[in-house]
Amino acid sequence: PVWDDATPVATAASPKDAAPAVNLSGNLSGNARTQFEQLVRIGAKVGKLRIDLSRLRGIDDAGCTLLSDTLESLKRGKVEVRAALPDENLAGLTC
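What you see is a predicted model; the values in this text were computed from it and never measured. (Residues numbered from 1 in each chain as written. Predicted model: local features only at pLDDT ≥ 70, side-chain atom pairs only at ≥ 80, totals over all residues. Heavy atoms only, no water.)

A. Region of interest: the overall build of the protein chain. Along its length, the protein chain carries two helices and four strands. Along the protein chain, from the amino end to the carboxyl end, the secondary structure elements read β-β-α-β-α-β. When each of the 95 residues of the protein chain is scored for burial, the buried share is 35%. Sequence separation of at least 24 residues holds for 76% of the intrachain contacts in the protein chain that already meet a minimum separation of 6. When the accessible area of the protein chain is evaluated, it comes to approximately 5,800 Å², of which 49% is carbon and sulfur surface. (Helix = DSSP H or I, 4+ residues; strand = E, 2+ residues; numbered from the N terminus. Buried < 20%, exposed > 50% of the residue type's maximum accessible area, 1.4 Å probe, protein only. Contact = heavy atoms within 4.5 Å. Areas by Shrake-Rupley, 256 points an atom, 1.4 Å probe, with all protein chains shown as cover.)

B. Seen up close, the side chain of D52. Tracing the backbone through its elements, the reader meets D52 in strand β3 (residues 48-59). Although buried, D52 forms no salt bridge, and the nearest oppositely charged side chain, R50, lies 4.2 Å from it. (Lys, Arg positive; Asp, Glu negative; His and termini not counted. Salt bridge = Lys/Arg side-chain N within 4 Å of Asp/Glu carboxyl O.)

See the structure below:
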């Protein structure tokens, strides 16, 4: 399955200058293209985005490529991106 627990969900931030938060969880695979296209649309609309990867349990090669391509697309769109990933999860989520 693409997501074991949830799909990306943008949550409204309180202050007007805060970026919407998108929380990713479960196992990320290349089949999540639709969800990542949603991330690009949200980022393009607002101009900034906070992506929380701390709940991801795993990522395969295709998912890694998809994440990388999405981040590159956001960069090309001049979207400010902040990612949250606790240090203890870094080893398990390398691409």
